[in-house]
Amino acid sequence: MGQRQSRKAAGVRKYFFFIKEQVSSDWKDLAFHLGFGRADTDNITGRNRDDKSRCMDLLEEWLKRNGERATIEDLMEALSEANLQSTVDDLNSEYPETRGVHCGDEGSSIEDVFRKAVKTYYKLKLSSFKPLIWNDNFTLTLGDIFTQLKLVPTDTKPVKMSEEAPLSKQGTTLNSLDDLYNPDVTGQSTPPRCILIEGEAGGGKTTFLSKEALDAVSKKTELGKRHDTVLLIRLRDVREGETIEEMVLDQCVPITKGVDIESIGGILERNQSRVLFLLDGYDELRPEARAAGQAIPELLSGKLYPYSTIVITSRPSAGVQQYTRPDCHVRIMGFSEEQVEEYVRQYFRIIRNPQLAEGLVTTLNKSWQVTDLIHTPIFLLLVCVMWEENQEMISTGTMTGLYNNLLTCLVRKYCKREGVAMSTDGLPTEVAESLLQLGKLALEALLNNETLIDLTQSEIGTFNWELLVKLGVVSLEVSASKWHPRKQVNFSHKTMQEFLAGRYVAHVVGNQSRGDIAELLQLTSIHKVHELSNLLQFTCGCDSRAAQAVMKELGKLSSREFSHLQPSDFQKSHMPVKSDTKQSADNYKRFVLLCLDILNERKEPDILQAVSKALPFIIMDIWRRDKQSDALKYYLENARSLLKHRVILNLCNKKAFPYIEQILNSPIHGIQLDLKLQYLTEFPSPDQTVKLFSVLKNFPGLRALHFTKRISLLPSSDTGLTSALLQPLVHVFVNVSLLEELDLSKNDALGDAGMEVLQSGLSSVPRLAVLRLRKVGMTAVGIKSLAPYMRHLAGLKELDVSENEIGDTGLESLIAVLSVFTAMQVLVLERTGISVTGMRKLVPVLCQLSRLIKLDISKNHAIGDPGLEYLADILLRLTTMKVLNLSLTGISDRGISSLIKALPHLVRLQVLDVHFNDIGDSGIVSLVETLCQPSGLDIEQNPPGDHSLTTAPLYNTTLQELYIGWNSGVTGAGLGRVAQLISALPALTRLDMSGYTPAHLPDTAAMTLAEALPRLPDLERLDLEHISMEPAGFQAVVQAAEEHPTLDTLLYSKDRVPEGADTSASCLKL
């Protein structure tokens, strides 16, 4: 690649001598049209003695800035625009190969004039910038700004997953937006109309979109090749009532003869399929300009220029989806590790100190403090500046320390340049006062969700922004709008704004000059806390008193919003979980990380106690050593000073193993630990596994151990646990006698030999309540050897032996001990090879499990109708049953008729799964009719003597999930009848009524289904695969689903969508 760039550079450079001889004193005119500003030309003038030297310097600087984009075509166009056509003509005479190059506007249409004006404007405005106020020679071009993108996965298309990221953050890595035109990447046969790019504030979205604009007008990208008109609009400068045409004239084109609002409208209308809108910063669009009927919402929804292409950037959850369903959703990830190294080396080459680069690269690979920051270009640049100044500044141990060092570095450089005395014990007075004032303004901007400070506001007063720009903590920006220009300062990075605001808050609290910190920071909810998480972290890092005040408020909010949560809410539940509980659990996990961030900033006993009070239990995913895991280590090491506490750790990567071994290397008491290795994308080596097991003895409070293999993500050569590796774990059982949960699922290499090893350790863990042995390669031989030793587990509440071919023979061995488990609540026998014979022997023992709430016998085809009949006969005794899974058991209408007789006794039933069977219309309709009758609990809740209820319809308010789809005998007629009935199941959150062979719902049935959806107020998912509908019926169902307040997934077969139907609904998954 470097050689190719050198050849291109040599190609255009051969014309430089001729041009500089011709242009000479007119070089400044050429500089303007090459995108150079006044400061650039002043610098060139200062370092050269005559105009010819200056012109040559200009041309070399232009080549340096633009690299591959520096072409003879662009250079000749700039000469023409600078009224240096004679030079162009002479070039054509001297160099015949340039004669085919077109330049100049003669004979051009208004469209050509418009596009050329836009291109010139972008080159002038966007090509390069000088990020270091103290170094005029350090210039970055947009070509130096590169970033990593990930395509966010959809619910219906699997994508490759990264080893290093949590599952929720994984996606397909993109080389560029050009990949979005590759069907193999997106899974889409048509080019995307709307591309959403999300990233956190300071993540480089604006810079990335500027580069896309410049590359597109230069036809360097697929976006540029597909579009003739490229329009970059900064949404923060859009005003209420502005039209698209006005935005374009205001922001995208210089004042150009013949180009006005009317001509722009005509150009866009005539060529809209070749128009690309680049909309930057939806989260910064003013609320009044975001309202329905305004131009940007109309553009997003397709009411304006529906055939144009849109790329829009935003912070997450800003509401773009309110008006459009993006065809592609991209996350901006910043620099990759390789790009970080390339950037560092480039910086030190430019400042002519390349030997410093390798040391910084090595340090960055080891320093977790800056891991999240160096992926942003401007902050990585500042890290390079610190390294150049003092290499010790990088390794501080805290984020606040790192930013304090950065601030000190910038102040020292300022003082040296300006001749200001730098005190050894603090900042110069004027600097300190200005930084506090900036911190106050930074806080006000944060609380208003803004990243810029508008200097035109009257309340700014005597704010000394010039000094702060010289420091380098902010930069001066002029808004993109020509009509409403604003002078504003921008922070070098969002975290710099948060740091300065945190310094100010800590100063206020430390001096007690203002009251309640909750009022100062507007800490009204956990949601607000998460928005201000970095600010809170910096506030606590700056002052101990402020940290205590913050943690006191966080403790209050935790008690108010998380008191209902239990550790079990974070596990895969056997019962339906409401969406608000899921959301609370996600918020709590983020809250835990924030508290640990604060503890890492202030490892002090008072803060430790405050964190312990705010967190009734700790739950976190560990990928590698980072700041939160360091804080957790401190927490555990000082656990003696705390009340008995629960800690749940999910190890997600083998890189976390050495860290966990280090934590557990010495005895820790007073903590209940759940250690879960269940999302591993790369299994640890045998030596690592043995080391981990050996240190578990130091944690007598080990409550749960999950060591499961994620088979789909591991190479086939990775066997996971074997019987030999299980041996050291079993030896440790005697030291962890309080163990309550053991999950060894999906370690299929354990086999029957592993069960023989396991049996010897069960007597050492008599409190075991959960034993999961799913897919461990066990046969009837293994269960026969293990079962007798399970008699010690009288308190067993959950047993999962699914996906093991134990058959009826193995089941018989299990039956011999099942009656011991009187506390049993969950029994999972999915895909175990049992038949009607096994069911006949099992049901008498099931009668004794009076506390059973979940029974799963799915995927055992040989059970059939007779087996279900045996089960149905005793279901009336299992009145606590909440979940019954009978899918893929080979049942038909005959079996269903026996189940129907028992259903009225299952008054607590919440989940029923009978999908993928041979049930017909009669059986399904009868089943649903029976389910729609009120349960005994519902009837009991009717107040006695309340005559107002005698005429009211009675409903089943208990059933939450119903899976009746994919039954081979069900037709459209049966599903139509189901649609008439389901309104009597108002508690449903999930409903699967998919067809088996394609079932057709006529318009009347589809309309009935659409009318039923509003009567299911909690419905979250509806599966209608392998069902066809007429256009009117399809649109009615989709519209009802889209308008439903909680339904976020309507699953439908892509090949069954009526031709020409609108599929833009956000809930529709094809």
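Residues numbered from 1 in each chain as written. Predicted model: local features only at pLDDT ≥ 70, side-chain atom pairs only at ≥ 80, totals over all residues. Heavy atoms only, no water.

A.B. asks: Break down the overall build of the chain for me, citing the residues and quoting the values.
C.D. replies: Of regular secondary structure, the chain possesses 43 helices and 30 strands. Within the chain, the proportion of its 1070 residues that are buried is 57%. A sequence separation of at least 24 residues applies to 79% of the contacts in the chain between residues at least 6 apart. A total accessible area of about 44,500 Å² is found for the chain, and carbon and sulfur atoms account for 48% of it. (Helix = DSSP H or I, 4+ residues; strand = E, 2+ residues; numbered from the N terminus. Buried < 20%, exposed > 50% of the residue type's maximum accessible area, 1.4 Å probe, protein only. Contact = heavy atoms within 4.5 Å. Areas by Shrake-Rupley, 256 points an atom, 1.4 Å probe, with all protein chains shown as cover.)

A.B. asks: Quick rundown of the packing of helix α37 (residues 864–875) against helix α38 (residues 893–902)? Include the residues and the values.
C.D. replies: As a packed pair, α37 and α38 sit with axes 8 Å apart at the nearest point and diverge in direction by 5°. One finds that α37 runs roughly parallel with respect to α38. Each of Asp865, Pro866, Leu868, Glu869, Ala872 and Leu875 in α37 lies in contact with α38, whose residues at this interface are Arg894, Gly895, Ile896, Ser898, Leu899 and Ala902. Residue composition of the contact of α37 with α38, grouped by class: seven nonpolar, two polar and three charged. (Axes fitted to C-alpha atoms, helices over the stretch in contact; angles between N-to-C directions. Parallel < 35°, antiparallel > 145°, perpendicular 65-115°, else oblique. Nonpolar A, V, L, I, M, F, W, Y, C, P; charged D, E, K, R; others polar.)

A.B. asks: How would you summarise the pattern of salt bridges if you had to cite specific residues and measurements?
C.D. replies: Applying the stated criterion across every chain, the model contains 50 salt bridges. Residue arginine 234 pairs with aspartate 280 through a salt bridge whose shortest N-O separation is 3.1 Å. With a gap of 46 residues between them, arginine 234 in strand β6 (residues 229–234) and aspartate 280 in strand β7 (residues 275–280) connect regions that are remote in the sequence. The pair arginine 234 / aspartate 280 is uniform in exposure class, with both members buried. Between arginine 315 and aspartate 283 there is a salt bridge, with the nearest N and O atoms lying 3.1 Å from each other. (Salt bridge = Lys/Arg side-chain N within 4 Å of Asp/Glu carboxyl O.)

A.B. asks: Give me the lowdown on the sheet that holds strand β10 (residues 452–454), citing residues and values where you can.
C.D. replies: Read from one edge to the other, the open sheet built from three strands follows the order β10-β12-β11, with strand pairing classed as antiparallel. Looking at strand neighbours, the two that pair on one side only are β10 and β11 (474–478), the edges of this open sheet. Strand-to-strand, the axes of this sheet are offset by a mean angle of 30°, without reference to chain direction. The sheet contact formed by β11 and strand β12 (residues 487–491) spans five bridges and is antiparallel. Each bridged residue has a counterpart across the sheet, and for valine 474 the counterpart in β12 is phenylalanine 491. (Pairing = 2+ DSSP bridges.)

A.B. asks: Could you give an account of the packing of aromatic side chains, with specific residues and numbers?
C.D. replies: Inspection of every chain in the model, using the stated rule, returns 16 aromatic pairs. Ring geometry for phenylalanine 916 versus tryptophan 966: centroids 5.2 Å apart, planes at 5°, classification stacked. With phenylalanine 916 in the loop between β23 (911–913) and α39 (921–931) and tryptophan 966 in the loop between β24 (961–963) and α41 (972–981), this residue pair connects regions lying 50 residues apart in the sequence. One aromatic cluster is present, built from ring pairs that chain together Phe562, Phe570, Tyr588, Phe591 and Phe617. The ring of tyrosine 282 carries arginine 290 above its face, with NZ or CZ at 4.7 Å from the centroid. (Phe/Tyr/Trp six-rings, centres within 6.5 Å; stacked < 30°, edge-to-face > 60°. Lys NZ or Arg CZ within 6 Å of the ring centre and 35° of its normal.)

A.B. asks: How would you sum up unusual backbone geometry? Please name residues and give values.
C.D. replies: Even without glycine at this site, lysine 746 takes up a positive phi of about 70°. Position of lysine 746 relative to the elements: it lies in the loop between β17 (741–743) and α33 (751–759).

A.B. asks: Residue-level account of the packing of helix α22 (residues 494–510) against helix α25 (residues 533–542), with values.
C.D. replies: Where α22 meets α25, the closest approach of the two axes is 7 Å, and the angle between their N-to-C directions is 45°. In terms of axis orientation, α22 runs oblique to α25. Considering only the axes of α22 and α25, their crossing is right-handed. Along the contact surface, α22 presents Thr495, Glu498, Phe499, Ala501, Gly502, Arg503, Val505 and Ala506, while α25 presents Asn534, Leu535, Phe538, Thr539 and Cys542. Counted by class, the contact of α22 with α25 contains seven nonpolar, four polar and two charged residues. (Left-handed = near helix turned anticlockwise from the far one by under 90°.)

A.B. asks: So what's going on with the pairing of β12? Which residues, and what values?
C.D. replies: β12 sits mainly inside the fold: four of its five residues count as buried. Examined bridge by bridge, β10 and β12 share three bridges and lie antiparallel to one another. Note on β12: the bridge partner recorded for aspartate 454 is glutamine 488.

A.B. asks: Give me the lowdown on helix α12 (residues 244–251), citing residues and values where you can.
C.D. replies: The buried fraction of α12 amounts to seven of the eight residues, a majority that puts the element mostly inside the structure. Those residues of α12 that are buried lie in contact with α8 (110–126), β6, α13 (261–270), β7 and α15 (295–301).

A.B. asks: Quick rundown of helix α16 (residues 337–350)? Include the residues and the values.
C.D. replies: The terminal C-alpha atoms of α16 lie 20 Å apart, and with 14 residues this matches the ideal 20 Å at 1.5 Å per residue to within 8%. Of the residues making up α16, those classed as buried are Gln339, Val340, Tyr343, Val344, Gln346, Tyr347 and Phe348. Immediately beyond the C-terminal end of α16, within one or two residues, lies arginine 352, with a positive phi of roughly 60°. (Expected span 1.5 Å × (residues − 1).)

A.B. asks: Give me the lowdown on the confidence of the model for the chain, citing residues and values where you can.
C.D. replies: Here the chain shows a mean pLDDT of 85. Residues at 70 or above account for 89%. Segment residues 1–8: pLDDT under 50, and three contacts once partners within four positions in sequence are set aside and those in other chains are kept. Confidence over residues 154–170 falls short of pLDDT 50; this stretch has 37 contacts with residues more than four positions distant or in other chains. (pLDDT = per-residue confidence, 0-100.)

A.B. asks: Can you tell me about the pairing of β6, naming the residues and giving the values?
C.D. replies: In terms of burial, β6 is a largely internal element, six of the six residues being buried. Neither face of β6 is exposed, since Thr229, Leu231 and Ile233 on one face and Val230, Leu232 and Arg234 on the opposite face are all buried. Bridge count between β6 and β7: six bridges; the pairing is parallel. Its bridge partner lying in β7, leucine 232 is registered against leucine 278.

A.B. asks: Mind laying out the environment of glutamine 85, listing which residues take part and the relevant values?
C.D. replies: Tracing the backbone through its elements, the reader meets glutamine 85 in helix α7 (residues 85–94). Glutamine 85 sits in the partly exposed class, given a relative accessible area of 32%.

A.B. asks: Describe the environment of phenylalanine 591, listing the residues and the values that go with them.
C.D. replies: One can find phenylalanine 591 in helix α27 (residues 579–601). Residues phenylalanine 591 and isoleucine 618, 27 residues apart in the sequence, show an inter-C-alpha distance of 9.7 Å. In contact with phenylalanine 591, not counting residues within four places along its chain, are Ile526, His530, Leu554, Ser558, Phe562, Ala614 and Leu615.

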